[in-house]
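# Close look at the chain arrangement
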Amino acid sequence: MKIIICGICGKMGQNVFELLSTDGAEIVCGVDTGSSGKASVPVYKSFEDIKESADAIIDFSSPSVLKSEMEWAIEHNIPVVLATTGYSTEQLDYIDGCAKKIPVFKTANFSLGVNLLVKLVKKTAEALGENFDIEIIEKHHNRKADAPSGTALMLAEGANSAFGDKKEYLNGRDGIVGKRGKEIGIHAVRGGTIVGEHEVLFAGEDEIITLSHSARSKKVFAAGAVKAAKWIVGKPAGKYDMTDVLENP
């Protein structure tokens, strides 16, 4: 399998590179708008410069390259694995449009454990109903660009699906006092080198249920992205996520 890594010079790109290098795949080149020379393959500043052919793109970069990346992928009919977070509403709509032309794999978190956690959160919310308040706490390193994390939103959406997506999301409670409404609270912590920790609290009368996940290394996300790339090659146009992999391995 021939792979292009977008964001190859970043930490996650390097994790994917190392994993693929020992997995029998061929990394034909990388794309990175930052510094180059950190990989033993050609690294281009833009997709327009790519000369190599590939079977899939794995993207751990930033939302800024989305349009040029998707245009190139559509032109060459190549599936894309989007592991970047922080997309705007307009960009998410654009991704949906692109998925009508090529296979697009997108999820906010490529960890198998996190995706199982989302399922557990949904089932718990369905079982407990309105008798329990829901609060989500996410913790990441001090260089993370977006807040709340994409994974926190995944968990919130999983819980909210049990209520017909009618609950609002409240990011933090600065200056908000008094009785809470029918919302899901989301709180972000940024510090040190925390890879990623997510905790969902179901707080009822006289009891609390806590579901949590802690990533100890970024390698779990790289492994999930590689698994997704292997899975999506040969699939028809459409939008896919880790649920599809779990249900149709």
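The coordinates are above.
Anyway, here's the lowdown on the structure attached to this text. (Residues numbered from 1 in each chain as written. Predicted model: local features only at pLDDT ≥ 70, side-chain atom pairs only at ≥ 80, totals over all residues. Heavy atoms only, no water.)

Quick look at the overall build of the chain now. Of regular secondary structure, the chain possesses seven helices and 12 strands. Computed over C-alpha atoms, the radius of gyration of the chain comes to 19 Å, within 12% of the 18 Å expected from 2.2 N^0.38 for 249 residues, which places it in the range of a compact globule. Taken along its principal axes, the extent of the C-alpha atoms in the chain is 60 × 40 × 30 Å. Residue burial in the chain is summarised as follows: out of 249 residues, 45% are buried. For the chain, long-range pairs separated by at least 24 residues make up 65% of all intrachain contacts whose partners lie at least 6 apart in sequence. A total accessible area of about 12,500 Å² is found for the chain, and carbon and sulfur atoms account for 50% of it. Here the chain contributes 29 positive and 34 negative side-chain charges, whose respective centroids are spaced 2 Å apart. (Helix = DSSP H or I, 4+ residues; strand = E, 2+ residues; numbered from the N terminus. Rg over C-alpha atoms; globule rule 2.2 N^0.38 Å. Buried < 20%, exposed > 50% of the residue type's maximum accessible area, 1.4 Å probe, protein only. Contact = heavy atoms within 4.5 Å. Areas by Shrake-Rupley, 256 points an atom, 1.4 Å probe, with all protein chains shown as cover. Lys, Arg positive; Asp, Glu negative; His and termini not counted. Charge placed at Lys NZ, Arg CZ, Asp CG, Glu CD.)

A few words now on helix H2 (residues 66-76). Taken together, the buried positions of H2 are Leu66, Glu69, Met70, Trp72 and Ala73. Across the axial projection of H2, the buried residues extend over an arc of 160°, all falling on one side. The elements touched by buried residues of H2 are strand S1 (2-6), strand S4 (56-59), strand S5 (80-82), helix H3 (89-98) and strand S6 (103-106). (Arc of directions from axis to C-beta.)

Inspection of the secondary structure assignment puts Ala147 in the loop between strand S7 (133-140) and helix H5 (150-160). Note: C-alpha distance between Ala147 and Val189 (42 residues apart in sequence) is 8.8 Å. When residues no more than four places from it in sequence are discounted, the contact partners of Ala147 are Glu138, Ala188 and Arg190.

It is worth spelling out the packing of helix H4 (residues 112-128) against H5 at this point. The angle between the axes and the distance between the axes are what describe a pair of packed helices. Packing of H4 against H5 leaves a shortest axis separation of 7 Å and a crossing angle of 30°. Comparing their axes, H5 and H4 come out roughly parallel. For the pair H4 and H5, the sense of crossing is right-handed. Contacts between H4 and H5 pair Val114, Asn115, Leu117, Val118, Val121, Lys122 and Ala125 from the former with Thr151, Met154, Leu155, Gly158 and Ala159 from the latter. Class assignment of the residues belonging to the contact of H4 with H5 gives a composition of eight nonpolar, three polar and one charged. (Axes fitted to C-alpha atoms, helices over the stretch in contact; angles between N-to-C directions. Parallel < 35°, antiparallel > 145°, perpendicular 65-115°, else oblique. Left-handed = near helix turned anticlockwise from the far one by under 90°. Nonpolar A, V, L, I, M, F, W, Y, C, P; charged D, E, K, R; others polar.)

Attention now moves to the sheet that holds S7. The strand order across the open sheet built from five strands is S8-S9-S7-S10-S11, with neighbouring strands paired in mixed fashion. The sheet is open, and its two edges are formed by strand S8 (168-171) and strand S11 (207-215), each paired on a single side. Ignoring which end each strand starts from, the neighbouring axes of this sheet average 20° apart. Looking at chain direction, S7 and strand S9 (residues 183-190) are connected through seven bridges and run parallel. Bridging across to S9, Ile136 finds its partner in Ile186. Together, S7, strand S10 (196-204) and S11 form the strand contacts of H4, whose direction differs from that of S11 by roughly 165°. (Pairing = 2+ DSSP bridges.)

Tracing the chain through its elements places Asp96 in helix H3. Sequence separation between Asp96 and Lys239 is 143 residues; the distance between their C-alpha atoms is 7.1 Å.

Strand order across the open sheet formed by seven strands is S3-S2-S1-S4-S5-S6-S12, with parallel pairing between neighbours. The strands lining the two open edges of the sheet, one partner per strand, are strand S3 (43-44) and strand S12 (238-240). When S4 meets S5, the two strands line up parallel, connected through three bridges. From the neighbouring strand, Asp59 faces S5, where its bridge partner is Leu82. Set on the sheet, helix H1 (residues 11-21) makes contact with S1, strand S2 (26-31) and S4; between it and S1 the angle comes to about 165°.

The next point concerns the pattern of salt bridges. Per the stated rule, a full pass over the model turns up 12 salt bridges. When the shortest N-O distance is used, the salt bridge between Lys230 and Asp23 registers 2.5 Å. Note that Lys230 is positioned in helix H6 (residues 219-232) and Asp23 in the loop between H1 and S2, a separation of 207 residues in sequence. Among the salt bridges present, the one from Asp96 reaches Lys239, with a minimum N-O distance of 2.9 Å. On the criterion of sequence distance, the pair formed by Asp96 in helix H3 and Lys239 in strand S12 is long-range, its members being 143 residues apart. (Salt bridge = Lys/Arg side-chain N within 4 Å of Asp/Glu carboxyl O.)

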